[in-house]
Amino acid sequence: MERHPSRKAVLRAALAAGVTAPAVLMGVPALARTVAPTGTAPEPTPACDDGDDPTPPQMEGPYFKPNSPRRTSLLEPGTPGTRLTVTGYVFGLACRPLSGVLLDFWQADVNGAYDNAGFRFRGHQFTGADGSFTLTTIVPGLYPGRTRHLHVKAQAPGRPVLTTQLYFPGEPRNNTDPLFDARLLMTVRDAGGGREAAFDFVLNVPQTPGPGPGPTPPPGGGGWAVGTAYRPGDRVTYGAGAYTCLQGHTAQPGWEPPKAPALWRAG
């Protein structure tokens, strides 16, 4: 059966068009997939289609510490290990990005050890206005019983905390770690002597994907406007050009038709 791009994938592509991100990840859905031993692809990270489930939780483990420093880089001078940059977005249940989401990361060092006395490889940050985040760290080491993973807590303002873990595709221990969940695989590639990864979180935050603060334009068209709920097939004018809506959405700054080819077709 033919699979169409999810709303989340389309929105991520539109968001990426207006932000800095590794070029290989631009416009590519961050739904992590890997090939199982049977040769089939396991269930992907929830695609945030209407009615889909949020990112699955996982246990906190014994090494979490509160009050981590606020920072987007966990690296220190001379930090050994393979550099890793993780980028992504945080969405609510209607596939709209969530700003101000607290993301608290912690992980093992290159030798598989956690810093329980201090805050090495621990830090928190908040998503930007477009729901994006970037974490600079290293690929964590292995320790007995576990595959490679990152820990994270995610909390939208005034909402419950999601505690979960992120995994790396192609790791031999993925097949033996009892906590491993293929739905939490990141998309990972080698880049410039390090690695780049992507993952999008879907939090259990109700959202209304319908009309925004502006009126829904009639099919005959009108000027593009922030806050307007557009439907597939709606036509608008922007600048000197005419555009046709490809995907239902509520217009936001940075999603102007020339900047969002995933949402608008010229003509």
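Residues numbered from 1 in each chain as written. Predicted model: local features only at pLDDT ≥ 70, side-chain atom pairs only at ≥ 80, totals over all residues. Heavy atoms only, no water.

Considerations on the pattern of salt bridges
Okay, so step 1: Per the stated rule, a full pass over the model turns up 10 salt bridges.
Okay, so step 2: Between R183 and D181 there is a salt bridge; the shortest N-O distance is 2.7 Å.
Okay, so step 3: Look at R183 and you get partly exposed, because its relative accessible area is 28%.
Okay, so step 4: One network of salt bridges, in which partners are shared, links D109, D115 and R120. (Salt bridge = Lys/Arg side-chain N within 4 Å of Asp/Glu carboxyl O. Buried < 20%, exposed > 50% of the residue type's maximum accessible area, 1.4 Å probe, protein only.)

Section: the sheet that holds strand β5 (residues 149-155)
Okay, so step 1: The strand order β3-β2-β5-β6 describes an open sheet built from four strands, whose pairing is antiparallel. Two strands close off the open sheet at either side, each with one partner strand: β3 (122-126) and β6 (161-167). The mean angle between the axes of side-by-side strands here comes to 20°, regardless of whether they run parallel or antiparallel.
Okay, so step 2: The sheet contact formed by β5 and β6 spans seven bridges and is antiparallel. Residue V152 lies in a different strand from β6, and its bridge partner there is T164. (Pairing = 2+ DSSP bridges. Helix = DSSP H or I, 4+ residues; strand = E, 2+ residues; numbered from the N terminus. Axes fitted to C-alpha atoms, helices over the stretch in contact; angles between N-to-C directions.)

Quick word on the pairing of β5
Every other side chain in a regular strand lies on the same face of the sheet, so the side chains alternate between the two faces.
Okay, so step 1: Along β5, six of the seven residues are buried, which leaves the element largely enclosed by surrounding structure.
Okay, so step 2: Pairing geometry for strand β2 (residues 102-106) and β5, over five bridges, is antiparallel. For L103, the partnering residue across the bridge sits in β5 and is A154.
Okay, so step 3: Counted between consecutive antiparallel strands, the loop separating β5 from β6 contains five residues, among which G158 sits at a positive phi close to 75°.

Quick notes on the confidence of the model for the protein chain
Okay, so step 1: Model confidence for the protein chain is summarised by a mean pLDDT of 80, while 75% of its residues fall at 70 or above.
Okay, so step 2: Taken as a whole, residues 16-47 scores under 50 in pLDDT and shows 68 contacts with residues more than four places along the chain or in a different chain. (pLDDT = per-residue confidence, 0-100. Contact = heavy atoms within 4.5 Å.)

Some points on the sheet that holds strand β12 (residues 241-245)
Okay, so step 1: Ordered in space as β11-β12-β14, the three strands form an open sheet in which the pairing is antiparallel. Edge positions in the open sheet fall to β11 (235-238) and β14 (264-266), since each of these has one partner strand only. Averaged over all pairs of adjacent strands, the angle between their axes in this sheet comes to 35°, without regard to strand direction.

Some details on the pairing of β11
Okay, so step 1: With four bridges joining them, β11 and β12 adopt antiparallel strand pairing. Pairing of V236 across the sheet is with Y243, part of β12.
Okay, so step 2: What sits between β11 and β12 in their antiparallel hairpin is a turn of two residues, with G239 showing a positive phi close to 65°.

So, the packing of aromatic side chains
Okay, so step 1: Considering all chains together, one arrives at 11 aromatic pairs under this definition.
Okay, so step 2: A ring pair is formed by F199 and F201, whose centres lie 4.9 Å apart and whose planes are at 65°; its orientation type is edge-to-face. Side by side, F199 and F201 carry an identical accessibility label, which is buried.
Okay, so step 3: In this structure an aromatic cluster arises from ring pairing among F105, F133, F199 and F201.
Okay, so step 4: Directly above the ring of F119 sits K65, whose terminal nitrogen or CZ lies 4.2 Å from the centroid. (Phe/Tyr/Trp six-rings, centres within 6.5 Å; stacked < 30°, edge-to-face > 60°. Lys NZ or Arg CZ within 6 Å of the ring centre and 35° of its normal.)

Here we look at the side chain of D177
Okay, so step 1: Following the sequence through the fold, D177 ends up in the loop between β6 and β7 (187-191).
Okay, so step 2: At 2.6 Å, the side chain of D177 and the side chain of R146 are in polar contact.
Okay, so step 3: In terms of polar contacts, D177 uses its side chain to reach the backbone amide nitrogen of L179, at 2.9 Å.
Okay, so step 4: Contact partners of D177, with chain neighbours within four places excluded, come to G145, R146 and T147. (Polar contact = N/O pair within 3.5 Å; in protein donor to acceptor, adjacent residues only side chain to side chain.)

Structural notes on the nonpolar core
Okay, so step 1: Core analysis: the biggest nonpolar cluster contains 31 residues, and V86, V90, V101, L103, M186, F201 and L203 have the highest contact counts within it.
Okay, so step 2: At the level of secondary structure, the elements contributing two or more residues to this core comprise β1 (83-91), β2, β4 (132-138), β5 and β6.
Okay, so step 3: Dropping the residues within four chain positions of it, V90 is found in contact with R96, P97, L98, V101, L103, T127, G131, F133, F201 and L203. (Core = buried A, V, L, I, M, F, W, Y, C linked by side-chain atoms within 4.5 Å.)

Overview of the environment of Y243
Okay, so step 1: Relative to the helices and strands, Y243 resides in strand β12.
Okay, so step 2: Between the C-alpha atoms of Y243 and A266, which are 23 residues apart in sequence, the distance is 4.4 Å.

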